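# Observations on the model geometry
Listed below, chain by chain, are the residues.
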Amino acid sequence: MMEKVRAKDGHLVLKYQGRLLSSSVDPIREASIWVQNQSSLNHSVSTLIVLGAGSGYHLLELEKCFPECKVICVEKNGEILQMVDEMHGVTLANVTFINNTNPTMVLQNGKLARALLAPYTVLTHEPSVQIDKTYYAEVNDLLFGRQEWAYRKLIEKRDDLKRAMKPVGAAVGENELLSIKTLVSRLADDADAEVKSLLLALKELVV
Amino acid sequence: MKILVVSLLRLGDVILTAPIIQGLSKKYPNAQIDLLINKQFEKVKFLFPEINEFHFFDRQTLQDALVHPHRPILESFDRLKLFMKSISGGQYDLVINLTQNRLSGHLMDLIDAKEKIGMLIKQPAGEVSFGSTWFKYVNDIAAAGAKSIFHYTDAFRFACAVEQNGYRFNPTSKQNVKPNGVQKILIQTQTSDAKKNMDLSILQEAMALYAKAHKNVCYRILSAKGESGPVLSLVENLKNQNIDAEIAELDLPEVLSECFSSNLLVTTDTSIKHLAAGTSIPILEIALGSSDPRKTGVYKEGSYIIQSREQCVPCDHRKVCHRSSHVCAEQIPAEFLAAMFQIAMHDDRLGAATLADEYSDQVEVMRTHFSKTGFWRADALRSTARPKVLEEWLDLAAWRFFLDKDHTKNLAPYGTESFKMKEMFDRGLVYGDRNSLRIALEQIEQTTTRSEEKVHHLISEISRRVRSGVALPHVDFVDDHMLNEIRSVELEMDLGDSVSSRVIHARGAGIRSIRLVQNALNEIFNHQQIKLKLVRTLKTQMTEYI
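Residues numbered from 1 in each chain as written. Chains lettered and ligands numbered in written order. Predicted model: local features only at pLDDT ≥ 70, side-chain atom pairs only at ≥ 80, totals over all residues. Heavy atoms only, no water.

### Observations concerning the pairing of strand 14 (residues 363-370) of chain B
Every other side chain in a regular strand lies on the same face of the sheet, so the side chains alternate between the two faces. Residues and elements named next belong to chain B. With respect to burial, strand 14 is a largely interior element, eight of its eight residues being buried. Two strands pair when backbone bridges link them, and strand 13 (residues 304-308) and strand 14 are joined in this way by five bridges, in the antiparallel orientation. Residue pairing in the sheet places Gln307 in a bridge with Glu364 of strand 14. Taken together, the five bridges between strand 14 and strand 15 (residues 376-380) define a ladder with antiparallel strand orientation. Of the residues in strand 15, the one forming a bridge with Phe370 is Trp376. (Buried < 20%, exposed > 50% of the residue type's maximum accessible area, 1.4 Å probe, protein only. Helix = DSSP H or I, 4+ residues; strand = E, 2+ residues; numbered from the N terminus. Pairing = 2+ DSSP bridges.)

Encoded structure:
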């Protein structure tokens, strides 16, 4: 069950199945601290992909702190999305929301697919993710592309790399993550020169 | 004209781009010169007023994204792609890669430019090219362990055809004042490589000896901020002997300022050495471990370098020291080191030569200078080293002739080159005594003739084998016997493994690969021929002169 409750500072916050998605005292300050604590955040990415819409305050804070970045939010629960829209409306107009219950279908979103062609950071809004850990873990893996299945999905969206990589490459163990060395070993004989140079240069950084 | 210089190694290497950049700036006064360096060395910007724009390669961010499991697998790929696009957007006319490694070779392929020199790995075939005989020389000869080699800065300078001996940094605004009557000596003992660090007990003894023999000596032990731990006890012990010593935790601009206001820098192989070489301070370099002064010694006239004469020096920087103790550092006597402080401070050549002979069983003493023939040398000063020093001069002069293709000119300037050398000998540099010089030249002529014949024999034999086995795709053109012959020639000529390393590549690989070996031998043969001509011209000039 979804409800709106008023925090002590007067802002509305969401409560889903009895669980608060934001601070009931000062959600704005909480959002600000959340942004500050994101160690992977910096200004050199084009897109910030956020897992979980929460009560929307962390998204507002991201828009404020990173106006040059695109913000994309993946939220499984349509009800939460609707509430966030009601609460913030146009102030979150620049945030792209993706609502799909099938994690692998998330990549079908055109804006996300385009965003994946440039550096991006994945941020997790913990209270939202706790609602469906399995779903968000899968989306997370998909966006990182470090596992074989996720990498294959990711590469399908990359025309530049799809052509350069062998369809079936060096095998990776079940629990093993992919690395730059795996990618280099999968370079096709007729791979594009630019892709080849980029991957070989990166390989030199981890030797 | 837009020029991009690429230097993606360590701080010292970046500082050593100064003579190239200053030379390029003089050669092309209207050119826009940009510099690509590792982001961690942003702090060197103040040293390069000639640079229009700096590009910073963010190695750390790329590496972090590559190895961190919670970062997208393609993040580094996309970051690097964007970065290289922004570099190519500079629309450079000339890109010069002063980094001889595979990373820079791949990056060079990603930069659009009209002309590129320095290592380039061209995809999709992965062919390595250098765009200059000089960069090829650094890769094939200098890096292969040859003994008579050019300072890397000279090789790069010649590749860029810039005339610039040494370099000069501008004093920083907060210039320190040289105190009157006080000898201020800067000491840099620690490096990032423990094998290059000084033995602190020997250093302490030398500093104490020198301070007792001279009045008003003040030592400043340089240290990066927050890294003075290892030298604390050194300073404490000196203070206990009433010697004026203190730790100076300084950043680069502060060190530069100190160099302009001090009397001597005693240093191991560090970036501080290269920084100081752009100032007026006399320098005493202590080359330990893998430090190889021939390649990266202090690039300045009138500096002194001391190095242990242990067989293992210089060692391979990638390997741990196999000795039971740090012999190359322990072998430098304290009283000798103290005497060298005085010699280096006053550029006392005669004193240095005397000391070099006195301690010749333990230590090599070298003095640096820019010769009339146009290159930097650190010549050993002990008298027994003279024939070797002379041979090295001739080797380098011949390499320069060959690499600049002077020998192919209609009127090859052998006479001019040997005349420049003769002038140096007349000034007592390299060789003092004319008769022993003549004898040494005779000997060099004989050994060079022998070497030339041996190389010629190898070339002929390989050609014969290639002709008779050309139809066989997987044949060993070079068998073990011939490989041994090649190794013996390399050893005799101090060429490292510049040819044999290619033989191993070529074995069983057929006709195409053997061409690499033939080319290497032909280069060496040409070099020996040029050297012979120089020796003979020099001999004639010496006779005419007498």
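Next, the rest of the story.
### Concerning the nonpolar core
Looking at soluble globular proteins, one finds that nonpolar side chains tend to be buried together. Among the nonpolar cores identified, the biggest contains 95 residues, and B:Leu24, B:Phe48, B:Ile96, B:Tyr137 and B:Leu394 are the most heavily contacted of them. Looking at which element gives the most residues to this core, the answer is helix 16 (residues 386-403) of chain B, with 11 residues. In this view, B:Phe48 contacts B:Val14, B:Ile15, B:Thr17, B:Ala18, B:Ile21, B:Leu35 and B:Phe54; residues no more than four positions away in its chain are not counted. Counting 61 residues, the second largest nonpolar core, distinct from the first, contains A:Ile180, B:Leu66, B:Met84 and B:Val95. (Core = buried A, V, L, I, M, F, W, Y, C linked by side-chain atoms within 4.5 Å. Contact = heavy atoms within 4.5 Å.)

### Re the interface of chain A and chain B
Contacts between the two partners involve 36 residues from chain A, matched on the other side by 32 residues from chain B. Interface area lost by chain A to chain B is led by A:Arg146, A:Leu198 and A:Leu205, which between them contribute 23%. Applying the counting criterion to the chain A and chain B interface returns three salt bridges. At the surface where chain A touches chain B, the tally comes to 11 residue pairs in polar contact (both at pLDDT 80 or more). Those elements giving two or more residues to the side of chain A that touches chain B turn out to be helix 6 (133-144), helix 7 (148-156), helix 8 (159-162), helix 9 (180-185) and helix 10 (193-206) of chain A. Per element, the largest residue contribution to the side of chain A that touches chain B is 13 residues, and it comes from helix 10 of chain A. Split into classes, the residues belonging to the side of chain A that touches chain B amount to 25 nonpolar, five polar and six charged. (Buried area = accessible area lost by both parts, 1.4 Å probe. Salt bridge = Lys/Arg side-chain N within 4 Å of Asp/Glu carboxyl O. Polar contact = N/O pair within 3.5 Å; in protein donor to acceptor, adjacent residues only side chain to side chain. Nonpolar A, V, L, I, M, F, W, Y, C, P; charged D, E, K, R; others polar.)

### Let's talk about the packing of helix 16 of chain B against helix 18 (residues 434-469) of chain B
All names here are of chain B. It is at 10 Å that the axes of helix 16 and helix 18 come closest, and there the two elements cross at 60°. Viewed along their axes, helix 16 and helix 18 adopt a mutual orientation that is oblique. Crossing hand, helix 16 versus helix 18: right-handed. Only Leu437, Ala440, Leu441, Ile444, Thr447 and Thr448 of helix 18 make contact with helix 16, whose side of the interface consists of Pro387, Leu390, Glu391 and Leu394. Residue composition of the contact of helix 16 with helix 18, by class: seven nonpolar, two polar and one charged. (Axes fitted to C-alpha atoms, helices over the stretch in contact; angles between N-to-C directions. Parallel < 35°, antiparallel > 145°, perpendicular 65-115°, else oblique. Left-handed = near helix turned anticlockwise from the far one by under 90°.)

### Considerations on the sheet that holds strand 15 of chain B
Residue and element names in this part refer to chain B. Pairing in this open sheet of eight strands is mixed, and the strands run 10-9-8-11-12-13-14-15 from one edge to the other. Taken across any chain shown, the strands that pair with only one partner, and hence form the sheet edges, are strand 10 (244-249) and strand 15. If you compare each strand with its neighbour and ignore which way they point, the axes differ by 20° on average. Where strand 8 (residues 183-188) lies against strand 9 (residues 217-223), five bridges are found, and the strand directions are parallel. Bridge pairing links Lys184 to Cys218 in strand 9.

### Here we look at helix 14 (residues 334-346) of chain B
Residues and elements named next belong to chain B. With 13 residues, helix 14 should reach 18 Å at 1.5 Å per residue; the first-to-last C-alpha distance of 19 Å fits that figure. Residues of helix 14 that are buried include every one of Ala334, Phe336, Leu337, Ala338, Met340, Phe341, Ile343, Ala344 and Met345, and no others. Backbone geometry just downstream of helix 14 places Asp347 in the positive-phi region, at approximately 45°. (Expected span 1.5 Å × (residues − 1).)

### As for the packing of aromatic side chains
Residue and element names in this part refer to chain B. Enumeration according to the criterion identifies 20 aromatic pairs over all chains in this entry. With a centroid separation of 5.3 Å and an interplanar angle of 25°, the aromatic rings of Phe135 and Phe156 are classed as stacked. You can see Phe135 sitting in helix 6 (residues 133-140) and its partner Phe156 sitting in helix 7 (residues 152-159), a full 21 residues away along the chain. Residue classification places Phe135 among the buried residues on the basis of a relative accessible area of 0%. (Phe/Tyr/Trp six-rings, centres within 6.5 Å; stacked < 30°, edge-to-face > 60°.)

### Focus on the pattern of salt bridges
This model, assessed by the stated rule, comprises 49 salt bridges over all chains. Note that B:Asp494 is salt-bridged to B:Lys147, the shortest N-O span being 4.0 Å. With B:Asp494 in the loop between helix 19 (480-492) and helix 20 (500-506) and B:Lys147 in the loop between helix 6 and helix 7, the pair connects residues that are 347 residues apart, well separated along the chain. Since its relative accessible area comes to 44%, B:Lys147 is described here as partly exposed. Each of A:Arg158, A:Asp160, B:Asp78 and B:Lys81 takes part in one network of salt bridges that share partners.

### With respect to the sheet that holds strand 3 (residues 19-20) of chain A
Spatial strand order, 1-2-3 (chain A): three strands in an open sheet with antiparallel pairing. Both outer strands of the open sheet, strand 1 (2-6) and strand 3 of chain A, are each paired with one neighbouring strand and no more.

### Brief notes about unusual backbone geometry
All names here are of chain B. Here Gln123 and Pro124 are connected by a cis peptide whose omega angle stands at 10°. Mapped onto the fold, Pro124 is located in the loop between strand 6 (120-122) and strand 7 (127-129). Note the cis peptide between Val313 and Pro314, where omega equals -10°. By the element assignment, Pro314 lies in the loop between strand 13 and helix 13 (327-330). Positive phi, normally seen in glycine, also occurs at Asn216, with a value near 50°. Among the secondary structure elements, Asn216 is positioned in the loop between helix 8 (200-213) and strand 9. Phi is positive for Lys405, close to 60°, though the residue is something other than glycine. With respect to the helices and strands, the residue Lys405 is situated in the loop between helix 16 and helix 17 (414-426). Overall, the relative accessible area of 45% leaves Lys405 in the partly exposed class.

### Concerning the side chain of B:Glu285
Residue and element names in this part refer to chain B. By the secondary structure assignment, Glu285 is in strand 12 (residues 283-287). We classify Glu285 as buried; its relative accessible area is 1%. Reaching out from Glu285, the side chain makes a polar contact with the side chain of Lys273 at a distance of 2.9 Å. Looking at Glu285, its side chain comes within polar contact range of the main-chain nitrogen of Val298, at 3.0 Å. In contact with Glu285, not counting residues within four places along its chain, are Thr267, Asp269, Lys273, Gly297, Val298, Tyr304, Ile305 and Ile306.

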